[in-house]
Amino acid sequence: MSLAFSLLRPVLHSMDPEMAHSLTIKALASGAYPRCSAPDDARLEQTIFGLTFSNPVGLAAGFDKNAEALKGIFAMGFGFAEAGTVTPLPQEGNPKPRVFRDTESQSVINRMGFPGLGADVFAENYTRFCEKYKTPKKIVGINIGKNKTTEDPAADYLKLATHFAPVCDYLSVNISSPNTPGLRDLQKPDFLIPFIRDLKKITGTKPVLIKLAPDLTDAQITELAATLLEAGIDGIILGNTTLDRPESLPQNFRGQTGGLSGPHVKAKSTHAIARIYAETKGKLPVIGVGGVASATDAYAKIRAGASLVQLYTALVFHGPALVTDIKTGLLRLLDRDGFKTLKDAIGADHK
Ligand SMILES: Cc1cc2nc3c(=O)[nH]c(=O)nc-3n(C[C@H](O)[C@H](O)[C@H](O)COP(=O)(O)O)c2cc1C
């Protein structure tokens with residue numbers, strides 16, 4: 001943890017979590033942010049679905065919902081960032097308070113429900129970033145979701161794909177947030193096969209990834225792997241927050257409705273990554289998300305089958321220096337295990 005963040009953290013953590021987050025976004029958007037200027041080590045570079053990632057550590061969706069802070073986010077050293085979830089129309093989300101942090105376990109529960117400024121404002125913000133700062137190295141995925149009251153979920157996603165596929169590096173289809181009623185029910189073959197085919201007609205060669213819940217059973221993962229291969233998806237993001245509530249969490253925290261993120265989702269998401277990698281025989285690139293707070297955590301997901309990782313909650317507790325720490329630590333772990341490059345370590349646990 002950097003000295004600046006160790007001084008700032010008590011101030012931020014004395015505030016309501018959503019207020020602290022809004023201030024962080026404002027600071028990042030206004031240019032008040034830490035800069036990591038060290039170039040990435042070539043051993044961490046990979047080309048996946050036609051995109052060259054200079055390092056495998058990405059920012060997970062939900063942090064920059066309206067694409068306001070991408071310049072500052074890349075200055076932290078991330079290899080890629082996922083903006084959104086963006087919905088077609090602006091919406092308020094669930095009533096506040098709706099984000100809860102537990103310092104002891106370094107966990108968050110959120111039931112935000114996709115609050116956001118909507119596709120038009122998102123597009124304005126994203127265009128501004130592209131015009132001024134976007135380079136091929138700054139890989140941006142746009143994470144799309146449906147409005148709460150929409151009658152036709154597929155129509156919302158197709159509309160957003162038409163809007164954003166031409167301008168993003170990859171599209172991430174979020175059907176796994178636990179906070180939008182009915183959303184996780186879309187993780188079914190009957191819906192997914194025609195839906196993904198319709199999406200792919202719109203997106204053309206632009207990679208389309210699907211973001212799944214870590215709460216899927218092994219049987220559901222087996223079925224989904226076949227479905228996603230058949231439908232022609234380009235990659236999988238695994239996963240979103242969990243509905244689990246481990247007994248060890250304090251009662252007033254674990255009693256909150258919403259999705260739990262941080263260390264308690266780590267093993268579950270890594271298990272799901274290993275299952276999907278095995279079921280697809282490594283044919284679909286996986287982005288591993290859930291409880292990544294160190295190089296060891298990231299490496300476990302890579303060995304289980306993830307090509308890239310993302311994080312959100314650990315940033316709240318460890319601050320931006322974590323990104324550099326993970327990259328440096330990954331190089332040490334590759335050396336320890338005798339891998340020349342990161343690519344060689346992907347799925348190593350299956351070999
Ligand atoms: C406050 C908060 C808001 C989130 N919002 C979104 C979102 O809008 N879309 C999405 O796909 N995931 C969202 N997520 C889930 C994260 O992207 C990630 O999948 C999950 O938190 C697990 O990773 P972590 O343990 O590193 O946080 C959110 C997570 C948090 C903590």
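Here the structure is a predicted model, which means the values were calculated and not measured.

Scoring rules and cut-offs
Residues numbered from 1 in each chain as written. Predicted model: local features only at pLDDT ≥ 70, side-chain atom pairs only at ≥ 80, totals over all residues. Pairing = 2+ DSSP bridges. Helix = DSSP H or I, 4+ residues; strand = E, 2+ residues; numbered from the N terminus. Axes fitted to C-alpha atoms, helices over the stretch in contact; angles between N-to-C directions. Near = placed C-beta within 6 Å. Nonpolar A, V, L, I, M, F, W, Y, C, P; charged D, E, K, R; others polar. Expected span 1.5 Å × (residues − 1). Contact = placed C-beta atoms within 7 Å. Buried ≥ 20, exposed ≤ 12 C-beta atoms within 10 Å, placed from the backbone. Arc of directions from axis to C-beta. Parallel < 35°, antiparallel > 145°, perpendicular 65-115°, else oblique. Left-handed = near helix turned anticlockwise from the far one by under 90°.

Enquirer: Go over the sheet that holds strand E11 (residues 259-261) with me, naming the residues and quoting the values.
Expert: The sheet built from 3 strands is open, its strands ordered E5-E6-E11 with antiparallel pairing. Where the open sheet ends on each side, the last strands, each with one partner, are strand E5 (99-102) and E11. Across the sheet, the mean angle separating the axes of adjacent strands is 20° when strand polarity is ignored. Judged from the 4 bridges that link them, E5 and strand E6 (residues 107-110) form a sheet pairing that is antiparallel. Across the sheet, the residue bridging to arginine 101 is valine 108, located in E6.

Enquirer: Let's hear about the site of the ligand: which residues, and what values?
Expert: Every one of the 27 residues lining the ligand counts as a neighbour, but Ala60, Gly62, Ser261, Tyr312 and Thr313 are closest to it. Elements with a contribution of two residues or more to the shell around the ligand: E6 and helix H11 (313-318). Residue classes in the shell around the ligand are distributed as 12 nonpolar, 13 polar and 2 charged.

Enquirer: Tell me about helix H4 (residues 118-132), residues and numbers included.
Expert: Between the first and last C-alpha of H4 there are 22 Å, a value that for 15 residues agrees with the 21 Å anticipated at 1.5 Å per step. Next to the buried residues of H4 lie helix H3 (70-75), strand E4 (80-86) and helix H5 (153-164).

Enquirer: Before we move on, could you go through helix H12 (residues 321-337) and cite the residues and values that matter?
Expert: An ideal rise of 1.5 Å per residue puts 24 Å on 17 residues; H12 measures up with 25 Å between its terminal C-alpha atoms. Turning to H12, its buried residues are Leu322, Val323, Ile326, Lys327, Leu330 and Leu334. All buried residues of H12 fall inside an arc of 140° around its axis, so they share one side. What points out from H12, more than 90 degrees from its buried face, is the exposed set Thr328, Arg332, Asp335 and Arg336. The secondary structure elements touched by the buried residues of H12 are strand E3 (57-59), helix H10 (295-304), H11 and helix H13 (342-345). Two residues or fewer after H12 comes glycine 338, characterised by a positive phi angle close to 75°.

Enquirer: So, the packing of H5 against helix H6 (residues 189-203): which residues are in play, and what are the values?
Expert: Taken N-terminus to C-terminus, the directions of H5 and H6 make an angle of 20°; their axes are 9 Å apart at the nearest point. With respect to H6, the axis of H5 lies roughly parallel. Once H5 is placed against H6, the crossing between them reads as right-handed. Here Ala154, Tyr157, Leu158, Ala161 and Thr162 of H5 lie close against H6, whose contacting residues are Phe195, Asp198, Leu199, Ile202 and Thr203. By residue class, the composition of the contact of H5 with H6 is 7 nonpolar, 2 polar and 1 charged.

Enquirer: Could you give an account of the environment of leucine 228, naming the residues involved and the relevant values?
Expert: For leucine 228, the position within the fold is in helix H7 (residues 218-231). Note on leucine 228: 25 C-beta atoms within 10 Å, which makes it buried. In this structure the C-alpha to C-alpha distance between leucine 228 and glutamine 310, which are 82 residues apart in sequence, comes to 21 Å.

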